[in-house]
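Residues per chain, in single letters:
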Amino acid sequence: MKANLDFLERMVVAPDDDAIRLAYAQWLDRRGDPRGAFIRAQCRIADPATDVTQLGDCIKLQSELLAAHEVEWTAELCELLGCTDRGNYHPARFVRGFIESVIVPADVLAQAAERLFAVAPLLRSIDLNRPLEGEFGPELGHALAQSRELSRITTLRLFSLDLDDATFTALARSPHLGGLTKLDLGANQLGPESVKALLAT
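Note that the coordinates shown come from a computational prediction; the quantities given were computed from them, not determined experimentally. (Residues numbered from 1 in each chain as written. Predicted model: local features only at pLDDT ≥ 70, side-chain atom pairs only at ≥ 80, totals over all residues. Heavy atoms only, no water.)

A.B. asks: Just checking my understanding: could you explain the packing of helix H8 (residues 165–172) against helix H9 (residues 192–200) for this structure?
C.D. replies: Helix-helix packing is described using two parameters, namely the angle between the two axes and the distance between the axes. Axis separation between H8 and H9 bottoms out at 8 Å; the angle between their running directions is 10°. In this view, H8 runs roughly parallel relative to H9, as classed from their interaxial angle. Across the interface between the two elements, Asp165, Phe168, Thr169 and Ala172 of H8 pack against Pro192, Glu193, Ser194, Ala197 and Leu198 of H9. Residue composition of the contact of H8 with H9, by class: five nonpolar, two polar and two charged. (Axes fitted to C-alpha atoms, helices over the stretch in contact; angles between N-to-C directions. Helix = DSSP H or I, 4+ residues; strand = E, 2+ residues; numbered from the N terminus. Parallel < 35°, antiparallel > 145°, perpendicular 65-115°, else oblique. Contact = heavy atoms within 4.5 Å. Nonpolar A, V, L, I, M, F, W, Y, C, P; charged D, E, K, R; others polar.)

Structural data, given as structure tokens:
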């Protein structure tokens with residue numbers, strides 16, 4: 001639906017504007033879509049002005065709606081990430097009604113970044129996991145660096161991936177990482193060349 005796309009486009013341009021999200025929630029309510037109530041509940045949870053009683057009610061409603069609908073709401077994402085038979089594994093985190101954070105294998109991101117952001121247009125945080133196939137080496141680092149979609153994220157976690165200087169340097173040279181405000185490089189094998197790459201960004 002065009003109206004649906006219009007709302008999403010407005011939210012992508014202004015991801016911090018809850019007024020657009022709440023207007024979209026009303027639009028969903030009129031169509032009997034439970035995502036409207038979910039968006040509203042999560043926006044209230046994120047709002048520091050929400051009083052304690054209302055906060056508790058919203059957290060309860062959030063949990064109930066996720067229990068009933070999370071599999072449906074993340075089905076396309078899980079298919080893309082190769083976690084359709086996931087058990088208790090949850091690769092996505094919803095914030096203010098939308099998927100904002102995902103755990104994604106490095107090779108999947110390199111191959112399907114455009115589709116990932118089509119599935120989760122308000123994605124802002126990526127936690128890279130080890131590749132489903134092969135090693136996380138310089139070639140994959142370079143491939144990731146070419147993804148224009150990286151310009152839409154503010155947080156990138158590369159924790160405990162056994163990255164070496166050559167691999168991280170290839171990724172750090174990306175022209176699309178200028179929007180990062182948080183970068184987690186813990187538990188990797190990084191040395192002076194990686195420090196130089198960071199200082200050059």
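Once the structure has been displayed, the description carries forward.
A.B. asks: How should the packing of helix H3 (residues 35–46) against helix H4 (residues 52–73) be read in this particular structure?
C.D. replies: At a closest axis distance of 9 Å, the pairing of H3 and H4 adopts a crossing angle of 135°. In this view, H3 runs oblique relative to H4, as classed from their interaxial angle. When the axes of H3 and H4 are compared, the crossing they make is left-handed. Taken together, the residues of H4 that come into contact with H3 (itself represented by Arg35, Ala37, Phe38, Ala41, Gln42, Arg44 and Ile45) are Gln54, Leu55, Cys58, Ile59, Leu61, Gln62, Leu65, Leu66 and Trp73. Looking at side-chain class alone, the contact of H3 with H4 contains 11 nonpolar, three polar and two charged residues. (Left-handed = near helix turned anticlockwise from the far one by under 90°.)

A.B. asks: What exactly am I supposed to notice about the pattern of salt bridges here?
C.D. replies: Should their charged atoms come close, side chains of opposite charge can pair. Within this structure, the stated rule accounts for six salt bridges. Note that Asp162 is salt-bridged to Arg130, the shortest N-O span being 3.2 Å. Taken together, the positions of Asp162 in the loop between strand E4 (155–157) and H8 and Arg130 in the loop between strand E3 (125–129) and helix H7 (138–145) put the pair 32 residues apart, joining distant regions of the chain. Assessed through its relative accessible area of 43%, Asp162 is described here as partly exposed. (Salt bridge = Lys/Arg side-chain N within 4 Å of Asp/Glu carboxyl O. Buried < 20%, exposed > 50% of the residue type's maximum accessible area, 1.4 Å probe, protein only.)

A.B. asks: Is there a simple way to think about the packing of aromatic side chains in this case?
C.D. replies: Each aromatic ring pair is characterised by the separation of its centres together with the angle its planes make. Considering all chains together, one arrives at seven aromatic pairs under this definition. Both rings, one in Phe7 and one in Trp27, keep their centres 6.1 Å apart while their planes meet at 55°; by these two values the pair is tilted. Note that Phe7 is positioned in helix H1 (residues 2–13) and Trp27 in helix H2 (residues 18–29), a separation of 20 residues in sequence. The two residues Phe7 and Trp27 agree in class, both being buried. Between Tyr24 and Trp27, the ring centres sit 5.8 Å apart and the planes meet at 15°, which makes this aromatic pair stacked. Taken together, the positions of Tyr24 and Trp27, both in helix H2 and three residues apart, correspond to about one turn of that helix. Across this residue pair, the class does not change: Tyr24 and Trp27 are buried. A network of ring pairs unites the aromatic residues Phe7, Tyr24, Trp27 and Phe98 as a single cluster. Seen from the ring of Phe98, Arg35 lies directly overhead, with NZ or CZ sitting 5.3 Å from the centre. (Phe/Tyr/Trp six-rings, centres within 6.5 Å; stacked < 30°, edge-to-face > 60°. Lys NZ or Arg CZ within 6 Å of the ring centre and 35° of its normal.)

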